[in-house]
Each structure stands twice: as structure tokens, then as C-alpha cells.
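Close look at the chain arrangement
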Amino acid sequence: MSVQLSIAYPGHEDRRVPISLATIRAVNKYLQKRIIPFEDKNPNLLFVNRNNKGITSRTIRSYIDTHVKSNGITRGNTHLFRHTFITRKCLETNDAF
């Protein structure tokens, strides 16, 4: 079964990306444990901070940087992880998408 998620980019056309059933289950599990209930104030934001505001790309980079360092990884950042993911996906399937 092919499921797609629509991602809103303010000032840009929405982007549709494929999403697996395992990912949907993980997101639903996250939503059940989220600090601020999904139904409150910002139902269109999946990831929010403690102030119920959408998290920024800088927040994600900072989170990853912290965990990279704490796990002794000497070379790692969001761009490298994204690049590694798509490279491995292409090698597995001969198709980037």
C-alpha cells in the first residue's frame, strides 16, 4: 500500500512524500505521548516545542549535533545523514524514489 504525507512549506507549494506504515505507527505512538496533545491549538504541526510552537530546522540540527557528540560519532550532521540515506536507498533499489 502506498501512502503519502503532505508537508506544508509556508510560501511554497506543499510537498508530498511517501511514508511507510511502520512510520505511520511510530508517528501515532509519538502523538499519544506528546507533551501537548495533538488536538490543542496547532493541529497542523506534528513536532512542537514546550510552548506549542513548531520546531525549527535549527532545533533539529542542534538535537542531532548533541546526540552525535554524546555517542562518540566524529563526523555526523543532518546533511550527511540525508546524503547517506539516499545513497544507500539508491544502492538497494537502483531508484532514488
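Tallying secondary structure elements over the protein chain gives 3 helices and 2 strands in all. Going residue by residue from the N terminus, the α and β elements of the protein chain occur as β-β-α-α-α. A buried classification covers 9% of the 97 residues belonging to the protein chain. Restricting to contacts in the protein chain with at least 6 residues of sequence separation, those with at least 24 account for 0%. Carbon and sulfur atoms form 56% of the exposed surface of the protein chain, whose accessible area is close to 8,600 Å².

The next point concerns the environment of N49. Inspection of the secondary structure assignment puts N49 in the loop between helix 1 (21–33) and helix 2 (57–70). Judged by relative accessible area, N49 falls into the partly exposed class, the value being 31%. C-alpha separation for the pair N49 and R34, spaced 15 residues apart in sequence, amounts to 9.8 Å.

A few words now on the packing of aromatic side chains. One pass over the structure, following the stated rule, counts 1 aromatic pair. With a centroid separation of 5.1 Å and 45° between ring planes, the pair formed by Y30 and F47 is classed as tilted. With Y30 in helix 1 and F47 in the loop between helix 1 and helix 2, the pair connects residues that are 17 residues apart, well separated along the chain. For Y30, a relative accessible area of 28% corresponds to the partly exposed category.

To continue, consider a nonpolar patch on the surface. Taken together, F47, I55 and I60 make up a surface patch of nonpolar side chains, about 240 Å² in accessible area. With respect to the helices, strands and loops of the structure, I55 is situated in the loop between helix 1 and helix 2.

A word on the confidence of the model for the protein chain. Predicted confidence across the protein chain gives a mean pLDDT of 80, with 86% of residues reaching 70 or more. Across the protein chain, helix 2 holds the top mean pLDDT of 88, while strand 1 (residues 3–7) sits lowest at 80.

What counts and what doesn't
Residues numbered from 1 in each chain as written. Predicted model: local features only at pLDDT ≥ 70, side-chain atom pairs only at ≥ 80, totals over all residues. Heavy atoms only, no water. Helix = DSSP H or I, 4+ residues; strand = E, 2+ residues; numbered from the N terminus. Buried < 20%, exposed > 50% of the residue type's maximum accessible area, 1.4 Å probe, protein only. Contact = heavy atoms within 4.5 Å. Areas by Shrake-Rupley, 256 points an atom, 1.4 Å probe, with all protein chains shown as cover. Phe/Tyr/Trp six-rings, centres within 6.5 Å; stacked < 30°, edge-to-face > 60°. Patch = residues over 30% accessible without salt bridge, like charges linked within 9 Å, V, L, I, M, F, W, Y side chains within 5 Å. Salt bridge = Lys/Arg side-chain N within 4 Å of Asp/Glu carboxyl O. pLDDT = per-residue confidence, 0-100.

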